[in-house]
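The chain contents come next:
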Amino acid sequence: MQRYFIYLSYDGAGYHGWQIQPHSHSVQAELQRALSVLLRENIEVVGAGRTDTGVHARVMVAHFDVGRAIDGKQLAYKLNRVLPRDIAVDRVEAVGEEMHARFSAVSRTYHYYIHTRRDPFLRAYSCELHWDLDFEKMNEAASHLLDVNDFGAFCKSHTDVKTTLCDVTEARWIKTSPHTWYFRITADRFLRNMVRAVVGTLIDIGRGRLTIDGFDEIIQGRNRMNAGESMPGHALFLEEIRY
């Protein structure tokens, strides 16, 4: 069997996330269906991670196994002809059998986009906020995420995760214009809903509703009920995966 990595991107607005779910439209299902048709056998793909409903990916990596050598460039071309327009395949590459789209990844990076002035051209991919936010304090609090490893406070309740430990290596707000910002966070793994919960809690700090000491207490308490609200999924992008 030969293993291949697929590098793709997608607009998640029309999907219930990456992962196949009963009676729901998913990116994984679309990719498996297209591969099975083109390769004329039942193909299963494994993704580098999950994205929730409405969340986008500028880069997603998935692998599949097939019993024969294929032309990756030609397959990528054909996939882009049959997949929906909101999914795009960048390339298909042969890899060693020891490579795994999920378990071989050493880091993932997400961006969460916000804008503070009404803009019809941003509303589909950025969260519109109208509060005066103290980004200096938000960045000070974000830096504390690099000093902890248990993110149970930001994990969606009643999930089947075996551990809430993550190694966050980057967390900061970046200004791109007077009215647009994004939050960049990199870690070896992420919990379900983690990024949107972190962003919501940092925004509480920016609004003056939560102190940095209070933020630290929330982290140490590991109780999702004490953290901020989960921000809308449409402004979240999986930006980068490293192997």
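As the structure is a prediction and not an experimental result, all values here were calculated from the model.

## A closer look at unusual backbone geometry
Link 1 in the chain: A positive phi angle is found at histidine 23, which is not glycine, with a value near 65°.
Link 2 in the chain: Within the secondary structure layout, histidine 23 lies in the loop between β1 (2-10) and α1 (27-39).

## Considerations on the packing of aromatic side chains
Link 1 in the chain: Overall, the coordinates contain 13 aromatic pairs when judged by the stated rule.
Link 2 in the chain: Taken together, a centroid distance of 5.3 Å and an interplanar angle of 55° make the contact between phenylalanine 5 and tyrosine 243 tilted. Within this pair, whereas phenylalanine 5 is found in strand β1, its partner tyrosine 243 is found in the segment after β9 (236-242), the two being separated by 238 residues in sequence.
Link 3 in the chain: Looking at phenylalanine 5, the relative accessible area reads 1%, which means it is buried.
Link 4 in the chain: Tyrosine 243 gets classed as partly exposed once you look at its relative accessible area, which sits at 33%.
Link 5 in the chain: Residues phenylalanine 135 and tryptophan 173 carry aromatic rings whose centres are separated by 5.7 Å and whose planes lie at 70° to one another, so their mutual orientation is edge-to-face.

## Some words on the UniProt feature "active site" (unreviewed entry) in the protein chain
Link 1 in the chain: When the UniProt feature table is mapped to this numbering, "active site" (unreviewed entry) covers Asp52.
Link 2 in the chain: Along the polypeptide, aspartate 52 turns up in the loop between β2 (46-47) and β3 (56-66).
Link 3 in the chain: Filtering out sequence-adjacent residues up to four positions away, aspartate 52 remains in contact with Gly17, Arg192, Asn193 and Arg196.

## Details of the UniProt feature "domain: Pseudouridine synthase I TruA alpha/beta" (unreviewed entry) in the protein chain
Link 1 in the chain: UniProt's feature table lists "domain: Pseudouridine synthase I TruA alpha/beta" (unreviewed entry) at residues 9-103 and 141-243, given in the numbering used throughout.
Link 2 in the chain: Taken end to end, residues 9-103 comprises 25% helix and 25% strand; its first and last C-alpha atoms sit 20 Å apart.

## A few points about the nonpolar core
Most often, soluble globular proteins have nonpolar side chains that are buried together.
Link 1 in the chain: Core analysis: the biggest nonpolar cluster contains 79 residues, and Leu8, Leu35, Phe64, Leu145, Phe154 and Phe183 have the highest contact counts within it.
Link 2 in the chain: At eight residues, helix α4 (residues 194-206) tops the list of elements feeding residues into this core.
Link 3 in the chain: Two domains share this core, each providing at least three of its residues, namely domain 1 (2-94) and domain 2 (107-242).
Link 4 in the chain: The contacts of leucine 145, once residues within four sequence positions are left out, are Phe151, Phe154, Val168, Ala171, Phe183, Ile185, Val198, Phe215 and Ile219.

## Some points on the pattern of salt bridges
Link 1 in the chain: With the rule as written, the count across this model stands at 14 salt bridges.
Link 2 in the chain: With its nearest N and O atoms 2.8 Å apart, the salt bridge here joins glutamate 93 to arginine 91.
Link 3 in the chain: With its nearest N and O atoms 3.0 Å apart, the salt bridge here joins arginine 184 to glutamate 170. Here arginine 184 is found in strand β8 (residues 180-187), whereas its partner glutamate 170 is found in strand β7 (residues 168-177), with 14 residues between them in sequence.
Link 4 in the chain: By relative accessible area, which is 16% here, arginine 184 ends up buried.

## Re the packing of α1 against helix α2 (residues 72-82)
Link 1 in the chain: At a closest axis distance of 10 Å, the pairing of α1 and α2 adopts a crossing angle of 120°. Between α1 and α2, the crossing angle belongs to the class labelled oblique. In the crossing of α1 with α2, the sense of the turn from one axis to the other is right-handed. When α1 is examined against α2, the residues Ala34, Leu35, Leu38 and Leu39 are found in contact with a partner set consisting of Leu75, Lys78, Leu79 and Val82.
Link 2 in the chain: Per-class residue counts for the contact of α1 with α2 are seven nonpolar, no polar and one charged.

What counts and how
- Residues numbered from 1 in each chain as written.
- Predicted model: local features only at pLDDT ≥ 70, side-chain atom pairs only at ≥ 80, totals over all residues.
- Heavy atoms only, no water.
- Helix = DSSP H or I, 4+ residues; strand = E, 2+ residues; numbered from the N terminus.
- Phe/Tyr/Trp six-rings, centres within 6.5 Å; stacked < 30°, edge-to-face > 60°.
- Buried < 20%, exposed > 50% of the residue type's maximum accessible area, 1.4 Å probe, protein only.
- UniProt positions renumbered as here; feature names shortened; annotations may be inferred.
- Contact = heavy atoms within 4.5 Å.
- Core = buried A, V, L, I, M, F, W, Y, C linked by side-chain atoms within 4.5 Å.
- Domains from an automatic or database assignment.
- Salt bridge = Lys/Arg side-chain N within 4 Å of Asp/Glu carboxyl O.
- Axes fitted to C-alpha atoms, helices over the stretch in contact; angles between N-to-C directions.
- Parallel < 35°, antiparallel > 145°, perpendicular 65-115°, else oblique.
- Left-handed = near helix turned anticlockwise from the far one by under 90°.
- Nonpolar A, V, L, I, M, F, W, Y, C, P; charged D, E, K, R; others polar.

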